[in-house]
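# Results of the structural survey
Spelled out, the chains give:
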Amino acid sequence: MEAGAILRAPGVDLSRQGVDRSTAALPNRGSLACPRARSWRPSAVSSETTGNIDSRAQPRPQCLEHNRDGNDKKITRGVYAQELEVAARAVQLGCMLAQRVQERILRKEENAGSKDDKSLVTVADWGVQAVVSWVLSQAFGEEVSIIAEEDTKGLKGMNGIQTLQRVVAVVNECLSQASVVGLTPPSRKLGTIEVLRAINKGNSEVRSSRSWVLDPVDGTLGFVRGDQYAIALGMIEDGRVVLGVLGCPNYPMRPQWLNYHQKYYRLASKIAPPPPGKWHKGCVLTSAKGAGQAWMEPLVWNSDGSFLLNPPRVVAVSPVDDPAQATFCEPVEKANSSHSFTEGVADSLGLRKRPLRVYSMAKYAAIARGDAEIFMKFARAGYKEKIWDHAAGVLIVEEAGGVVTDAGGRPLDFSKGRYVEGLDRGIIVSCGTGLHRRIISAVDASWNSSKL
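Presented here is a report on the structure given in the accompanying data block.

Definitions and limits used
Residues numbered from 1 in each chain as written. Predicted model: local features only at pLDDT ≥ 70, side-chain atom pairs only at ≥ 80, totals over all residues. Heavy atoms only, no water. Pairing = 2+ DSSP bridges. Helix = DSSP H or I, 4+ residues; strand = E, 2+ residues; numbered from the N terminus. Axes fitted to C-alpha atoms, helices over the stretch in contact; angles between N-to-C directions. Contact = heavy atoms within 4.5 Å. Parallel < 35°, antiparallel > 145°, perpendicular 65-115°, else oblique. Left-handed = near helix turned anticlockwise from the far one by under 90°. Nonpolar A, V, L, I, M, F, W, Y, C, P; charged D, E, K, R; others polar. Salt bridge = Lys/Arg side-chain N within 4 Å of Asp/Glu carboxyl O. Buried < 20%, exposed > 50% of the residue type's maximum accessible area, 1.4 Å probe, protein only. Phe/Tyr/Trp six-rings, centres within 6.5 Å; stacked < 30°, edge-to-face > 60°. Expected span 1.5 Å × (residues − 1). Arc of directions from axis to C-beta.

## Some points on the sheet that holds strand β13 (residues 313–315)
- Read across the open sheet, the seven strands follow the order β7-β8-β9-β10-β11-β12-β13; overall the sheet is mixed. Across the chains shown, the open sheet's two edge strands, defined by having one partner strand only, are β7 (146–148) and β13. Shown here is a sheet whose adjacent strand axes are inclined to one another by a mean of 20°, direction ignored.
- Looking at chain direction, strand β12 (residues 294–298) and β13 are connected through three bridges and run antiparallel. Bridged to Trp295 within β13 is Val314.
- Sheet strands in contact with helix α9 (residues 391–399) are β9 (230–237), β10 (240–252), β11 (281–288) and β12, and its direction is about 95° off that of β10.

## With respect to the packing of helix α1 (residues 81–106) against helix α2 (residues 123–140)
- One way to put it is that α1 packs onto α2 with a least axis distance of 9 Å and a crossing angle of 155°. Taken together, α1 and α2 sit at an angle that is classed as roughly antiparallel. In the packing of α1 onto α2, the handedness of the crossing is right-handed. Taking contact as the criterion, the partners of Glu83, Val86, Ala90, Leu93, Gly94, Leu97, Ala98 and Val101 in α1 are, on α2, Val123, Ala124, Gly127, Val128, Val131, Val132, Val135, Leu136, Ala139 and Phe140.
- Classifying every residue of the contact of α1 with α2 gives 15 nonpolar, two polar and one charged.

## Regarding the pattern of salt bridges
- In this structure the tally under the stated criterion is 16 salt bridges.
- A salt bridge links Glu237 to Arg210, with the shortest nitrogen-to-oxygen separation between them at 2.7 Å. Residue Glu237 is located in strand β9, and its partner Arg210 is located in strand β8 (residues 210–218); the two are separated by 27 residues in the primary sequence.
- On the basis of relative accessibility, which here comes to 17%, the residue Glu237 falls in the buried class.

## Looking at the environment of Val224
- Topologically, Val224 is positioned in helix α5 (residues 220–224).
- Put simply, Val224 and Ala112 are 112 residues apart on the chain and 7.1 Å apart in space, counted from C-alpha to C-alpha.
- With near-sequence residues (within four places) excluded, Val224 lies in contact with Ile105, Leu106, Ala112, Leu120 and Thr122.

## Side note on the packing of aromatic side chains
- Across all of its chains, the model carries six aromatic pairs by this definition.
- Measuring from ring centre to ring centre gives 4.8 Å for Phe341 and Phe378, while their planes differ by 75°; the resulting arrangement is edge-to-face. Of this pair, Phe341 sits in helix α7 (residues 339–349) while Phe378 sits in the loop between β16 (374–377) and α9; the two residues are 37 residues apart in sequence, bridging distant segments of the chain. Judged on exposure class, the residue Phe341 and its partner Phe378 are both buried.

## Some points on helix α10 (residues 433–447)
- Compared with an ideal rise of 1.5 Å per residue, which puts 15 residues at 21 Å, α10 spans 21 Å between its outermost C-alpha atoms and is within 8% of the ideal.
- The set of residues buried in α10 consists of Leu435, His436, Ile439, Ile440, Ala442, Val443 and Ser446. The arc that holds every buried residue of α10, seen down its axis, measures 160°, which confines them to one face. Among the exposed residues of α10, those oriented more than 90 degrees off its buried face are Arg437 and Ala445.

## As for the pairing of β10
- Counting buried residues in β10 gives 12 out of 13 residues, a clear majority hidden from the surface.
- When β9 meets β10, the two strands line up antiparallel, connected through seven bridges. Residue pairing for β10: Gly234 is matched across the bridge by Gly244.
- Between β9 and β10, which pair antiparallel and follow one another directly, the connecting turn spans two residues, one of which, Asp238, has a positive phi of 50°.
- Strand direction decides the pairing type here: β10 and β11, joined by seven bridges, are antiparallel. Bridged to Val245 within β11 is Thr286.

Now the structure itself:
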C-alpha cells in the first residue's frame with residue numbers, strides 16, 4: 001500500500017507523484033475553518049454519547065489560523081506533511097485506546113502488571129504500540145522501521161495468555177473505529193499473531209535513513225493512577241528528529257489544573273460540568289523540523305463521549321525570562337530523577353515558585369504551550385535516558401521557540417541507538433536562550449556540591 005492510502009480523505013490523493021503535499025487542495029467545506037488536512041469534520045454525530053459517529057470522516061480546508069494572541073498565522077506543514085498527517089492520526093487513535101483502558105483501570109475492571117525491571121506495564125502499553133505500528137505499516141509499508149518501548153515477553157507463557165487476549169480485544173475494538181480519526185479500518189479483525197507481530201515491529205534498530213520512535217504510554221505510573229500520561233511518536237532521519245507528535249489525553253486547557261492530581265479535575269467536572277462541546281482537556285501537539293511552529297488540536301474522541309471539532313492552533317513558548325517568574329517542571333517519580341539536586345539548582349537560579357511535578361512528557365507540552373518555562377531532569381547514576389522518552393517532545397519544544405540541551409549546552413544525540421548517548425549530566429528544557437544560559441550556569445555552580 002502506498003503512503004497515504006490508509007487515509008480516508010476523499011478527493012485528496014497524497015500518494016500521487018508530483019503533488020505538493022504542503023499545499024494540496026482539499027475539498028471545499030464551506031465556511032468551516034481549519035488549517036490542516038488532518039483535521040476533519042464528521043458528517044454526522046450520533047445523538048448518543050458512546051463514541052459512535054458516521055464513518056465518513058471529511059477533511060477541512062487549509063486556511064489561516066487565528067492563534068490565542070489574536071494574530072493570524074499561516075500554518076506551514078512543510079516537506080513532512082504526509083508523514084505528520086499519518087502520525088497524528090495514529091496518535092489520535094492510540095489516545096482513544098488509552099483513554100478507554102484508563103477508565104477501566106479506574107473502575108477496577110483492568111489491572112497493571114510489571115516487567116522484569118519492576119516498571120509498570122498495562123494492556124494500553126501493548127495495545128497502543130500495536131495500533132500505531134499497524135497504522136504506520138499500512139501507510140508506509142511493512143518494512144517501516146519502528147523503535148518502541150515494549151516487547152512481547154510479558155505476553156508469553158501461561159501467565160501472559162489472559163493479558164494477551166485482552167490486548168487483542170482492545171486493539172480490534174480500537175481499529176474497528178479508526179474512521180473516527182479519518183483512517184480506514186482493517187477489513188477484518190486482527191488475529192493474535194498479527195497483534196504480536198505489530199508489537200514486535202517496535203524492536204527495530206535505528207536506521208541512518210529513517211526510523212519512527214514510539215513511547216506508547218509515557219508515564220505509566222500516572223496512567224494507572226488516573227493522572228497525566230502521554231503517547232509520543234517521533235521520526236528520526238539521518239540522526240535528527242524531524243517530526244514529533246505528542247498526545248496528552250488528560251492535559252487541562254486551564255494550566256492551573258496541572259498543579260492538581262487529575263482525579264480532582266474529574267471530580268470538579270462532575271460537580272460543574274463544562275459546557276457541551278467546550279474544549280476543556282485533552283490535546284495533541286505536532287510539529288516538523290524547520291516549520292518554526294508547533295500546533296495543538298483537541299482529541300477527536302474524548303472519554304466523556306464528546307466530539308471536539310476545534311481547529312488546530314499555533315502554540316508558542318512563554319516569553320518569561322526572569323527566573324523569579326518562571327514555572328519549573330520536574331518528574332513526579334524520584335526513582336530516575338534527583339529532586340534534591342534540582343531543588344539546589346532552583347535555589348541557585350532564584351526560582352520562587354514551587355515545582356510543578358507532572359508525569360510523562362506532558363512536561364514538554366507544558367513548555368511548548370507556554371504553561372511553564374523550565375523543565376530539568378538529572379537522572380541518578382547508572383540510569384540511561386531512552387530516545388522514545390524525549391524525541392517527540394524535544395522537536396515540538398524547539399519548533400515552538402524553546403531550547404533543549406544537556407547540561408553542557410549540547411543538543412541531545414538521537415543517532416546512537418535506543419539510548420541518548422553522551423549526555424552531560426542531565427537534560428534542560430527552557431523557553432528561551434537567555435534563561436537557558438542562566439540555568440546552565442546554575443547547574444555548574446551546584447554540581448560540585450551535589451551527591452549525584
